[in-house]
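This is what each chain is made of:
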Amino acid sequence: SPSYRSHVSVTFESRLGLVLFSTFNQTGTQTSFFSRNWTASSRQVTLAVSLFDALGLYDISSVRVNVTTPSGSSLLSNSPLIRVQGSDTSYNGSFGLNLTYTGSAVSGAYPSNTVAIDNSGVSLSVQTSFNIYALWRLNLRTISQDPVPVQVQGAAVTLFAGAVPVFSGLSNASGWVVPSGVLLRDDSTY
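Because the structure is a prediction, the values reported are computed rather than measured.

## Topic: the overall build of the protein
Within the protein one finds zero helices and 14 strands. Order of helices (α) and strands (β) in the protein, N terminus to C terminus: β-β-β-β-β-β-β-β-β-β-β-β-β-β. Against the compact-globule benchmark of 16 Å for 190 residues, the protein has a radius of gyration of 26 Å, which places it well outside the compact range. The buried share among the 190 residues of the protein stands at 35%. A fraction of 59% describes how many contacts in the protein between residues 6 or more apart in sequence connect residues 24 or more apart. Surface exposure of the protein reaches about 11500 Å², of which carbon and sulfur atoms provide 54%. Across the protein, the centroid of the 9 positively charged side chains sits 6 Å from that of the 8 negatively charged ones.

Below, the structure is given as C-alpha cells:
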C-alpha cells in the first residue's frame, strides 16, 4: 500500500558441498581395493564424486583430481572429472573419471585429492585413497633340515602380517600345510 512502503532484499549465497566420494571397480561395485591379478579389461578404477551447489550444477566451473602413486610420484595431475548425472538446473549431481592401471602397477595406497570450484571461487577439497595389490597363492610344505629332508607331519604353521595372524594351518603326512592355496596380498610383509 502507498502508505506502507516495504521492500524485500534477497542475498544469494553460493554453497558447494560434498554428498559422497567413492571408488568403483569395472563392474560398478563400490570398493577401495583393486587387484593387479585381474584381467586387463577389469583393471579400472572409477573415481566418483557426488556434489551439490545451491545455485545449480551450472555454477560448478570445474571438478579435478590429482592421484599420487605409493612412491609419491604423480599418476594424475589436475585431471577433469566429467559430469555423469544431473543437469545444469539440478542442485546435485555426480562427476566421474575412469582410471586404468597395468598389471605391473606398484602395490599400495594411491592417495587422491579432488577439488571442485564454482563460478564464484568457492572451492571444496576431498582427500581419499584406493589400494592396488596383487594376490599370491601360496602352498606351504614343512620339511626337516636334515641332509636328506623329510616331510614333517603335524607342524602348526601361523603367518603374521606384523603382529596380526593372517593364516593358521597344520601339516599333513606329506608335509603340506592344510588348508592349501593361501591367498596373501603383496603389499604386506609376512
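## Quick notes on the pattern of salt bridges
Applying the stated criterion across every chain yields a total of three salt bridges. Note that Asp186 is salt-bridged to Arg36, the shortest N-O span being 2.9 Å. Taken as a pair, Asp186 in the segment after strand S14 (182-185) and Arg36 in the loop between strand S2 (33-35) and strand S3 (44-53) lie far apart in primary sequence, 150 residues in all. Ionic pairing is found between Arg83 and Asp88, a salt bridge with its closest N-O pair at 2.8 Å. Under the relative-accessibility criterion, Arg83 is labelled partly exposed at 32%. With relative accessibility at 41%, the residue Asp88 sits in the partly exposed group.

## Describing a nonpolar patch on the surface
Residues Trp136, Val164, Val166 and Tyr190 make up a contiguous nonpolar surface patch of about 380 Å² in total accessible area. Positionally, Val164 belongs in strand S12 (residues 164-171).

## Quick word on the sheet that holds strand S7 (residues 92-100)
Spatial strand order, S1-S3-S7-S6: four strands in an open sheet with antiparallel pairing. Since the sheet does not close on itself, it has two edges, and those belong to strand S1 (16-24) and strand S6 (82-85), each with one partner. The mean angle between the axes of side-by-side strands here comes to 30°, regardless of whether they run parallel or antiparallel. In this structure, S6 lies alongside S7, joined through three bridges in antiparallel fashion. From the neighbouring strand, Ile82 faces S7, where its bridge partner is Gly96.

## Observations concerning the side chain of Thr69
Along the polypeptide, Thr69 turns up in the loop between strand S4 (60-68) and strand S5 (74-80). In this structure the side chain of Thr69 is engaged in a polar contact, spanning 3.0 Å, whose partner is the side chain of Ser71. Leaving out residues up to four positions away in the same chain, Thr69 has contacts with Leu75, Ala109, Tyr110 and Pro111.

## Focus on the sheet that holds strand S13 (residues 177-178)
On the basis of which strands lie adjacent, the open sheet formed by three strands has the order S11-S12-S13 and antiparallel pairing. Every other strand in the sheet has two partners, leaving strand S11 (156-161) and S13 as the edge strands with one partner each. For S12 and S13, the ladder comprises two bridges, and the chain directions are antiparallel. Residue Ser171 lies in a different strand from S13, and its bridge partner there is Val177.

About the cut-offs
- Residues numbered from 1 in each chain as written.
- Predicted model: local features only at pLDDT ≥ 70, side-chain atom pairs only at ≥ 80, totals over all residues.
- Heavy atoms only, no water.
- Helix = DSSP H or I, 4+ residues; strand = E, 2+ residues; numbered from the N terminus.
- Rg over C-alpha atoms; globule rule 2.2 N^0.38 Å.
- Buried < 20%, exposed > 50% of the residue type's maximum accessible area, 1.4 Å probe, protein only.
- Contact = heavy atoms within 4.5 Å.
- Areas by Shrake-Rupley, 256 points an atom, 1.4 Å probe, with all protein chains shown as cover.
- Lys, Arg positive; Asp, Glu negative; His and termini not counted.
- Charge placed at Lys NZ, Arg CZ, Asp CG, Glu CD.
- Salt bridge = Lys/Arg side-chain N within 4 Å of Asp/Glu carboxyl O.
- Patch = residues over 30% accessible without salt bridge, like charges linked within 9 Å, V, L, I, M, F, W, Y side chains within 5 Å.
- Pairing = 2+ DSSP bridges.
- Axes fitted to C-alpha atoms, helices over the stretch in contact; angles between N-to-C directions.
- Polar contact = N/O pair within 3.5 Å; in protein donor to acceptor, adjacent residues only side chain to side chain.

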